[in-house]
Amino acid sequence: MSITEVDRVIERLGEVVDWSRVEPSRAGYFAALYRMVTIAVKERILAGDFDDAERMARLDAVFAQRYLDAFDRWQAGEAPTASWQVAFDGAARWRPIVVQQLVAGINAHINLDLGIAAATVAPGDSLHGLRDDFRRINSLLAGLVNRVVDDIGSVSPWIWLLDRIGGRKDSWLIGFSIDRARDEAWALATTLAGLPEAEWPAEIEKRDRKIAGLGRFLYRPGYFLPWGLLLIRLKESSDIPRVIDVLGD
């Protein structure tokens, strides 16, 4: 596994983004963000910011492949993991705001996929050696996503309402998902690393059901908050290619 695998991921994510622009599909929102993040991860790998560049390149590729496999199954009319089904279902609806759609994707990908990828790349006792790089990549992701949310006002001018109706937007949505998801992902990786691979599917299915429930909550958070989210959505751009451009910049 080398950096060329990361290049292939970036290329494939670009294909998803291009498809989403043509359709047009809101599934491209997460794909555009993910492509931007993957490019940043590649730059950090080449800069030598990780303890083991080869392992990080492999983790990046294995991690991304889980999303790409889920997208391909969904696009083909087949069932991906329950977590990704919730995210893709939300992307097919008009009402969820851009931030909800991003966080639903982050929920599925970090809460479920990242732990599986980490245990795959660093199985058994070798997982402990991955911990520092695992934290670095999550810090990078959190910083980039928070930057995108801060800049999203150009397509979602009433996003500031989240400060009023649900606390700070980065703590209610982004902070909630990434901070907690990072710990959940590591806990899942630790659990899987201690199990024979034959027992992984049952553990993954159990975790998938839990994360899918969390995804459904992100789309329907209580009674009063959805009305505020609807106000934000009414002011939000419905120009899907434009939103994709903002998220991927």
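The model shown is predicted, which means the values in this text are computed figures rather than measured ones.

Residue placement: Val16 occurs in helix α1 (residues 3-22). Overall, Val16 belongs to the buried group, its relative accessible area being 1%. For the pair formed by Val16 and Asp72, sequence separation is 56 residues and the distance between their alpha carbons is 9.4 Å.

With that settled, the discussion passes to the nonpolar core. The nonpolar side chains of a soluble globular protein tend to be buried with one another. The biggest cluster of nonpolar side chains holds 87 residues, and the ones touching the most others in it are Tyr29, Leu33, Tyr67, Trp84, Ile110, Leu127 and Leu247. Here the element with the most residues in this core is helix α5 (residues 98-121); it accounts for 15 residues.

A surface patch of nonpolar side chains, about 310 Å² in accessible area, is lined by Trp94, Leu231 and Leu234. With respect to the element layout, Leu231 can be found in helix α10 (residues 225-235).

Attention now goes to the environment of Val243. Along the chain, Val243 turns up in helix α11 (residues 240-248). Of the residues examined, Val243 reaches a relative accessible area of 0% and is grouped as buried. Setting aside residues up to four positions removed in sequence, Val243 forms contacts with Tyr29, Val98, Val155 and Ser237.

The next subject is the confidence of the model for the protein. In this model, the protein carries a mean pLDDT of 89, and residues with pLDDT of at least 70 account for 92%. Predicted confidence in the protein is weakest over helix α7 (residues 161-165), with a mean pLDDT of 68, and strongest over helix α4 (residues 82-91), with 97. For the stretch residues 168-172, pLDDT sits under 50, and the model shows 16 contacts to residues farther than four places along the chain or on other chains.

Compared with the 30 Å implied by 1.5 Å per residue over 21 residues, the 31 Å span of helix α6 (residues 131-151) between its first and last C-alpha is a close match. Those residues of α6 that fall on the buried side of the exposure criterion are Asp133, Phe134, Ile137, Asn138, Leu140, Leu141, Ala142, Leu144, Val145, Val148 and Val149.

Our next topic: the pattern of salt bridges. According to the stated counting rule, one finds 16 salt bridges in the structure shown. The closest approach of N and O atoms between Arg136 and Asp133, which form a salt bridge, is 2.6 Å. One end of the pair, Arg136, and the other, Asp133, are both in helix α6, three residues apart, so they sit about a helical turn from each other. The exposure class of Arg136 is partly exposed, given its relative accessible area of 29%.

One way to put it is that α4 packs onto α5 with a least axis distance of 9 Å and a crossing angle of 170°. Taken together, the axes of α4 and α5 are roughly antiparallel relative to one another. In this structure, α4 uses Ser83, Trp84, Ala87, Gly90 and Ala91 to contact α5, whose residues at the interface are Gln101, Ala104, Gly105, Ala108, His109, Leu112 and Asp113. Its residues assigned to classes, the contact of α4 with α5 shows six nonpolar, five polar and one charged.

Rules behind the numbers
- Residues numbered from 1 in each chain as written.
- Predicted model: local features only at pLDDT ≥ 70, side-chain atom pairs only at ≥ 80, totals over all residues.
- Heavy atoms only, no water.
- Helix = DSSP H or I, 4+ residues; strand = E, 2+ residues; numbered from the N terminus.
- Buried < 20%, exposed > 50% of the residue type's maximum accessible area, 1.4 Å probe, protein only.
- Core = buried A, V, L, I, M, F, W, Y, C linked by side-chain atoms within 4.5 Å.
- Patch = residues over 30% accessible without salt bridge, like charges linked within 9 Å, V, L, I, M, F, W, Y side chains within 5 Å.
- Areas by Shrake-Rupley, 256 points an atom, 1.4 Å probe, with all protein chains shown as cover.
- Salt bridge = Lys/Arg side-chain N within 4 Å of Asp/Glu carboxyl O.
- Contact = heavy atoms within 4.5 Å.
- pLDDT = per-residue confidence, 0-100.
- Expected span 1.5 Å × (residues − 1).
- Axes fitted to C-alpha atoms, helices over the stretch in contact; angles between N-to-C directions.
- Parallel < 35°, antiparallel > 145°, perpendicular 65-115°, else oblique.
- Nonpolar A, V, L, I, M, F, W, Y, C, P; charged D, E, K, R; others polar.

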